[in-house]
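Secondary and tertiary structure notes
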Amino acid sequence: MKRILKLIFAVIITASFTSCSYNSIVEAEEGVNAQWAKVENQYQRRADLIPNLVNTVKGYASHESSTLEAVVNARAKATQITIDPANLDEASLKKYQAAQGELSAALGKLLAVTENYPDLKANQNFRELQAQLEGTENRISTERTRYSDAVAVYNAKIRKFPAVITAKIFGFNPKPQFSAEAGAEQAPKVEF
């Protein structure tokens, strides 16, 4: 009888740890998913600003069509790639990040071209769009940082004992982090 009571007690304790671990892992995973949605929301905000920016620039710099087309194409590519947070893995995040990086590069070229058009730079609509785009880039950076923080909490949680056992039983896998953009390891050259 004593053995049966010990066994029942062991089962109850194990179930308690598993239940607590499972719930805290689910909570952390939901935090990652919610933060990923915020990252995507800011990238979508940027994508929504781009057509207005392109149309404004087009009115002043119509012979810059290759630059304008590059921005439009990069935007189309970036908005086609979506990730279900439940299936977020290293490969899909890299693909998503590469498409967003191409869009950032195309936007950078577009904004560099606009330096040649003083009337465009003086245009109130263009300045407002540029300010909104700048603000959106800052929001993207903030949300990516918050996503990375949520991933760090989740990944640590599924590696700690006893949650690691629960994570393995229920198939919780590590979530990927954003990595630095290609070339980010080199400081930009500034020439005067």
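For the structure itself, look to the data block above.
What comes next is a walk through the structure. (Residues numbered from 1 in each chain as written. Predicted model: local features only at pLDDT ≥ 70, side-chain atom pairs only at ≥ 80, totals over all residues. Heavy atoms only, no water.)

1. Some thoughts on the packing of aromatic side chains
Using the following cut-off: For Phe, Tyr and Trp, rings pair up if their centres lie within 6.5 Å, where Trp contributes its six-membered ring, and each pair is then called stacked (planes under 30 degrees apart), edge-to-face (over 60) or tilted (otherwise). Elements are defined by DSSP. Helices are runs of H or I of four residues or more, strands are runs of E of two residues or more, and each kind is numbered from the N terminus. The criterion is that NZ of a Lys, or CZ of an Arg, lies within 6 Å of the ring centre and within 35 degrees of the ring normal, and then a charge sits over that ring.
One pass over the full model with this rule turns up seven aromatic pairs. Consider the rings of Tyr43 and Tyr96, whose centres lie 5.6 Å apart with planes at 80°: the pair is edge-to-face. Taken as a pair, Tyr43 in helix H1 (residues 2-60) and Tyr96 in helix H3 (residues 90-113) lie far apart in primary sequence, 53 residues in all. Feature note: the residues Trp36, Tyr43, Tyr96, Tyr147 and Phe178 constitute an aromatic cluster, connected by ring pairs. Above the plane of the ring of Phe178 lies Arg144, whose end atom (NZ or CZ) is 4.0 Å from the centre.

2. Regarding the pattern of salt bridges
Rule in force here: Salt bridge, as used here, is a side-chain nitrogen of Lys or Arg placed within 4 Å of a carboxyl oxygen of Asp or Glu.
Counting across every chain of the model gives four salt bridges. Of the charged contacts in the structure, one is a salt bridge between Glu137 and Arg46, with a shortest N-O distance of 3.0 Å. Placement of Glu137 in helix H5 (residues 124-157) and of Arg46 in helix H1 is noted, with a sequence separation of 91 residues between them. A salt bridge links Glu102 to Lys77; its shortest N-O distance comes to 3.0 Å.

3. Overview of a nonpolar patch on the surface
Which entries qualify depends on this criterion: Note that patches include only residues with greater than 30% relative accessible area and no salt bridge, and the join distances are 9 Å for like charges and 5 Å for nonpolar side chains (Val, Leu, Ile, Met, Phe, Trp, Tyr). Note on areas: Shrake-Rupley, 1.4 Å probe, and residue coverage restricted to the protein chains presented here. Using a 1.4 Å probe on the protein chains alone, a residue whose accessible area is under 20% of its type maximum counts as buried, one over 50% counts as exposed, and one in between counts as partly exposed.
There is a patch of nonpolar side chains on the surface, built from Tyr22, Phe161, Ile165, Ile169 and Phe170 and spanning about 550 Å² of accessible area. A per-element tally of the nonpolar patch places helix H6 (residues 163-170) first, with three residues. Here Ile169 shows up in helix H6. Assessed through its relative accessible area of 57%, Ile169 is described here as exposed.

4. Re the packing of H3 against H5
Applied cut-off: Axis angles are defined between N-to-C directions and span 0 to 180 degrees, where every axis is a line fitted to C-alpha atoms and, for a helix, only to the segment in contact. Just so you know how the angles are binned, under 35 degrees is roughly parallel, over 145 roughly antiparallel, 65 to 115 roughly perpendicular, and the rest oblique. Take the far helix as the reference: if the near one is turned anticlockwise from it by less than a right angle, the crossing is left-handed, and if turned clockwise, right-handed. Contacts are residue-level and defined by heavy atoms, with any inter-residue pair within 4.5 Å sufficient. Residues are grouped as follows: Ala, Val, Leu, Ile, Met, Phe, Trp, Tyr, Cys and Pro are nonpolar; Asp, Glu, Lys and Arg are charged; every other residue, Gly included, is polar.
Look at H3 against H5: their axes get within 13 Å of each other, and the N-to-C directions meet at 150°. Judged on the interaxial angle alone, H5 and H3 are roughly antiparallel. Considering how the two elements wind past one another, H3 and H5 form a crossing that is left-handed. For the pair formed by H3 and H5, the contact residues are Gln97, Leu107 and Leu111 on the first element and Phe126, Gln130, Leu133, Glu137 and Arg144 on the second. For the contact of H3 with H5, the residue count by class is four nonpolar, two polar and two charged.

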